[in-house]
Amino acid sequence: MNTLHVRVRWSLVLLAALILPILAACGGAPQSGGTTASPSPSAPAASAAPESPPASPSAAPSASAEPSPSEAASPSAAPAAGGRGAGETLRLLWWQAPTILNFHLGQGTKDSDASRLILEPLAAIGPDGTPVPVLAEEIPTVDNGGIAQDLTTVTWKLKKGVKWSDGTDFTADDVAFTYSYCADEKTACTTSTAFQGVKSVEAVDPSTVKITWEAPNPNPYQMFVSTTGQIIQKKQFENCVGEKASTDSACQQANNAPIGTGPYKLREFKPGDAVSYDINENYRDADKPFFKSVEMKGGGDATSAARAVFQTGDTDYAWNLQVEAPVLDQLLSGGKGDFLTIPGSSVERIAINRTNPDPALGDKRSEPDQPHPFLSDLKVRQALGMAIDRKAVAALYPPGAGPTCEIITTAPYVDPSQLYGGIHKCEPDIEGAKKLLDEAGWTVGADGIREKGGVKMSVLYQTTVNPLRQKEQALVKAAWEQLGVAVELKSVDAGVFFSTDAGNPDTFGHFYADVQMYTNNYEQPDPTNYLCGWTTAQIAQRSNQWQLNNNERYSNPDYDKLCEQLRTETDEAKRKEIVLQMNDIIVEDVVVIPLVARPQVASGKSKNLQGVELTPWDSEVWNIADWTMSQ
C-alpha cells in the first residue's frame, strides 16, 4: 500500500458515506415516557483551571478545509469583523451535559465535544475523510517519508512553538506520554482501542514522534487522530497513570480541569451542568478564536434545545436534536436558526446484556462470569430482534434517518441500498418470533408471561430521558409483550447514563438492565477501532470501573481473532471481507439489535453563526477556532 492508496481508500469511504440516501421520516406528537426516571446527577464542586501566564502566541497555520454543504448561512448575514476576541460569548447547548473533560476517561459525545475546545489531537478528520493537521506540521505519508513503505512505522512532525495554556512548551514527550497513559490497562481509557497493536512510541526529538507498530498497520492514522486522539499534558498527568487516573483526588481534579493547547482554556466546570471557557492567550494562531468566551450549558432535552435555537434564540448552537420530525418542522418555523445535518455511521441500537444484572448478586452483578438467565440463548435474542418494526421506529426521526439491519452502514463495506434487507432480513415477524421462543422451551404461563425452569421472561429496558426515545421504547415494548415478554421501561438522565461515575449504577457501562438503547458510531472512515470494541479484552466490568467499550460483555474467540486480522491485513479486498464478517457476527449473534441509521449530525445553529463546518468523522466543534458571528 502506498500513500495514494491510503488517501484514496479514506476518500472513497467518506464519499460513500455522503451519498447515503436521505430517507423521509414522519411521526406523531411527542409524549413523555411513562417510565421510571433516574434522578439528575448531583452537582459536584466546580473545577477551575490553574492560572496561566500570558505569552506570545505562535503564528502556526490552522487547519483548513472546504466549506460544508450542510451549513445554511443566512442570506442577510454580514461578514463578521474578525480577529481574536472580536466576538462576545458563544452560547452552546449540549442537553446531555458533559461529566468529565479528559475524554480518554469520558463516555459519549458530550465529553468528547466539551474537552475538544481545550484538548487537541495531532490531526482532525475533515469533511472529505482525510486527516487535517492540528498539532502536526503535516500529515505523514509514504511519499513524504512519514509512513514506512512496509507500514510498520509512522513518524509525526509536530508544529513548533505550540504552547500549553499554562505557557509551557508542547513537545513530543507529551505525545509519547499520552500513549503510555492509555496503554496502561489499569488506566482503563475508554479510547484504548486506538492505542493497541503498538510496539513503541518514541519522542525522537522535541518536535518528532515515531510510532512503531507490532505488525504492518493498514490504518496509519489509528492513534492521535480525531476524537480519540486528544493529547494530554505530561506535566499535569504524569502521576495519574494506572488506577490513580480515576481514584486519586489530584487526578480527578486534573480530569475536570485539563491544561490544553486548544483555542480555549477552562474557566469553570460543573460536571453534569455547564462548562465556561475563556480564550487561551497562548493559542498558536494570533487571529483566533473570534469569541472572547464560550458557555456550554447542559440539561433539558432535545426538544427544548431545538426551541432555544430555532424559536427563542436563547442559544447559538444546539447539539443532537433528536426530535420527532413534525415537532422539528414546527420549531424551525421560528426562523431564528438553521438545521444542520450530515450522513455518517451512527446507529441507534438495542444492546443485549449477556450477563445477569440481578441486584441479588451483589458485587457479582453483571460480571462476565454471571451469564444472563435467558438472553444467553440465541433463539431468545433472535426472537426479540425479529419482533421489532424498525421502519416504524425510524419513522419517528427527522429526515436523514432510516431503518437498518446492519451495524456497519458506510461504503465500501455496505452499500447504502443494502442497509435494510439487503444483507440481513429484519422485517417484523411476530409469529416467527413466537415460534423461536417455543422452540427454545419458553412457554406462556397462566399470567401470559413466558417462563422456563422457574425463570420468568421479564426484561428491564433502559435508555436516556428523551421524548423520542420513550416513543421508541413504547413501540418495542408493545411488540415484545405480544410474544409474552414482560417489559419494564426505565429512562435515565443522559448526564448519568453516559457518565463514567463508577459509583453510579445507572451508567451504560454498568448496564444494570437486561437491554439498553443508545446511538454509537465509528470515529474514522476505517471502522477497526469501532469493531474491535466488542472484543473480550474490551469487556466493561468492575475491575476496570465499567469504562471499556464492550458493555454487552460479549466474548467470542473467533471475533477476537478477526479483530487482530483486521488490525494487520493490508489487502483492501480482504479487509472489506473481514469487516463484513465482523458485522455479520454482531448482527447474527444478536450482540446488538440495529434499529436506525441516523445522520452523524442533527443540530441547529443561529443564522448569524458562521464558519461551522461539519464532518462525519470528528467532533462538531473540531474547527470552533474558525467560528464567527455576523452582525
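The structure contained in this document is the topic of the report that follows. (Residues numbered from 1 in each chain as written. Predicted model: local features only at pLDDT ≥ 70, side-chain atom pairs only at ≥ 80, totals over all residues. Heavy atoms only, no water.)

### Focus on empty space enclosed by the protein
- This model, assessed by the stated rule, comprises five cavities of 30 Å³ or more.
- Counted as a void, the largest cavity has a volume near 1,000 Å³.
- Along its surface, the largest cavity is lined by 47 residues, and Gly108, Thr109, Thr519, Asn520 and Asn521 are the ones closest to its centre.
- If you list the elements that add at least two residues to the lining of the largest cavity, you get helix 2 (109–116), strand 13 (346–352), strand 20 (515–520), helix 14 (528–531) and strand 22 (601–606).
- No other element matches helix 2, which puts four residues into the lining of the largest cavity.
- Of the residues assigned to the lining of the largest cavity, the class counts are 14 nonpolar, 24 polar and nine charged. (1 Å grid on protein atoms, 1.4 Å probe; cavity = no way out; pocket = protein on both sides within 12 Å on 5 of 7 lines; lining within 4 Å. Points joined across faces, edges and corners; volume = space filled by probe spheres on them. Helix = DSSP H or I, 4+ residues; strand = E, 2+ residues; numbered from the N terminus. Nonpolar A, V, L, I, M, F, W, Y, C, P; charged D, E, K, R; others polar.)

### Brief notes about the packing of aromatic side chains
- Counted according to the given criterion, the structure contains 23 aromatic pairs.
- Taking 6.4 Å as the distance between ring centres and 65 degrees as the angle between the ring planes, the aromatic pair formed by Trp156 and Tyr221 counts as edge-to-face. With Trp156 in strand 5 (residues 153–157) and Tyr221 in the loop between strand 7 (208–213) and helix 4 (234–237), this residue pair connects regions lying 65 residues apart in the sequence. Taken as a pair, Trp156 and Tyr221 share a single burial class, namely buried.
- Here the aromatic cluster, defined as three or more aromatic residues joined through ring pairs, consists of Trp94, Trp95, Tyr317, Trp319 and Trp627.
- Over the ring of Tyr512 we find Arg365, and its NZ or CZ is 3.9 Å from the ring centre. (Phe/Tyr/Trp six-rings, centres within 6.5 Å; stacked < 30°, edge-to-face > 60°. Buried < 20%, exposed > 50% of the residue type's maximum accessible area, 1.4 Å probe, protein only. Lys NZ or Arg CZ within 6 Å of the ring centre and 35° of its normal.)

### Quick word on the sheet that holds strand 12 (residues 337–342)
- Pairing is mixed across the open sheet formed by seven strands, whose spatial order is 8-9-10-2-11-22-12. The open sheet is flanked by strand 8 (264–270) and strand 12, the only strands paired with a single partner.
- Bridge count for strand 11 (residues 317–318) against strand 22 is two bridges, and the pairing is antiparallel. Looking across to strand 22, one finds that Ala318 is bridged to Gly604. (Pairing = 2+ DSSP bridges.)

### What to know about unusual backbone geometry
- Backbone torsion omega between Lys288 and Pro289 reads 0 degrees, so that peptide bond is classified as cis.
- Within the element layout of this structure, Pro289 appears in the loop between strand 9 (274–279) and strand 10 (291–297).
- For the bond from Ala411 to Pro412, the omega torsion is 10 degrees, close enough to zero to count as cis.
- Here Pro412 shows up in the loop between strand 14 (402–403) and helix 11 (430–439).
- Even without being glycine, Gln545 reaches a positive phi, approximately 60 degrees.
- Assignment of secondary structure puts Gln545 in the loop between helix 14 and helix 15 (557–568).

### Remarks on helix 3 (residues 172–183)
- Taking 1.5 Å of rise per residue, the 12 residues of helix 3 would be expected to cover 16 Å, and the 17 Å separating its terminal C-alpha atoms lies within 8% of that figure.
- Regarding helix 3, the residues found buried are Ala172, Asp174, Val175, Ala176, Phe177, Thr178, Tyr179, Tyr181 and Cys182.
- Buried residues along helix 3 sit in contact with strand 6 (198–205), strand 7, helix 4, helix 5 (244–247) and helix 6 (249–256). (Expected span 1.5 Å × (residues − 1). Contact = heavy atoms within 4.5 Å.)

### A closer look at the sheet that holds strand 16 (residues 450–452)
- The sheet built from three strands is open, its strands ordered 15-16-17 with antiparallel pairing. Taken across any chain shown, the strands that pair with only one partner, and hence form the sheet edges, are strand 15 (443–444) and strand 17 (455–456).
- As defined by bridge partners, strand 15 adjoins strand 16 across two bridges and the pair is classed as antiparallel. The residue bridging Thr443 from the neighbouring strand is Glu451, located in strand 16.

### Examining helix 6
- Cys251, Ala254, Asn255 and Asn256 are the residues of helix 6 that are buried.
- Against helix 3, helix 4, helix 5 and strand 8 lie the buried residues of helix 6.
- Regarding helix 6, its N-cap is Asp248, as a side-chain oxygen of that residue lies 2.9 Å from the backbone nitrogen of Ala250 further along. (Polar contact = N/O pair within 3.5 Å; in protein donor to acceptor, adjacent residues only side chain to side chain.)

### Regarding the pairing of strand 21 (residues 592–598)
- With respect to burial, strand 21 is a largely interior element, seven of its seven residues being buried.
- Here six bridges tie strand 13 to strand 21, and the two strands are oriented antiparallel to one another. By the bridge assignment, Val347 is partnered in strand 21 with Ala597.
- The pairing of strand 14 with strand 21 spans two bridges and is classified as antiparallel. Each residue of the ladder has a partner; that of Pro403, found in strand 21, is Val596.

### Regarding the pattern of salt bridges
- On inspection of all chains with the given rule, the structure shows 28 salt bridges.
- A salt bridge links Asp618 to Arg116, with the nearest nitrogen and oxygen atoms 2.5 Å apart. Here Arg116 lies in helix 2 and Asp618 lies in the loop between strand 23 (609–610) and strand 24 (628–629), a separation of 502 residues in the sequence. For the pair Asp618 and Arg116, one class covers both residues: buried.
- For Lys477, the salt bridge identified is with Glu481, shortest N-O distance 3.8 Å. Residue Lys477 and its partner Glu481 are located together in helix 12 (residues 467–482), separated by four residues, close to a single helical turn.
- Judged by relative accessible area, which is 26%, Lys477 ranks as partly exposed.
- The exposure class of Glu481 is partly exposed, given its relative accessible area of 41%. (Salt bridge = Lys/Arg side-chain N within 4 Å of Asp/Glu carboxyl O.)

### What about the packing of helix 15 against helix 16 (residues 572–588)?
- Contact pair helix 15 / helix 16: the axes reach a minimum separation of 10 Å and the direction vectors enclose 155 degrees. Considered as vectors, helix 15 and helix 16 are oriented roughly antiparallel to each other. The two elements helix 15 and helix 16 meet at a crossing, and its hand is left-handed. Every residue of helix 16 that contacts helix 15 at Tyr559, Leu562, Cys563, Gln565 and Leu566 is listed here: Arg575, Ile578, Val579, Gln581, Met582, Ile585 and Ile586. (Axes fitted to C-alpha atoms, helices over the stretch in contact; angles between N-to-C directions. Parallel < 35°, antiparallel > 145°, perpendicular 65-115°, else oblique. Left-handed = near helix turned anticlockwise from the far one by under 90°.)

### Some points on the environment of Asp173
- Tracing the sequence through the fold places Asp173 in helix 3.
- Residue Asp173 is classed as partly exposed on the basis of its relative accessible area, which comes to 42%.
- Not counting chain neighbours up to four residues away, the residues in contact with Asp173 comprise Ala203 and Lys234.

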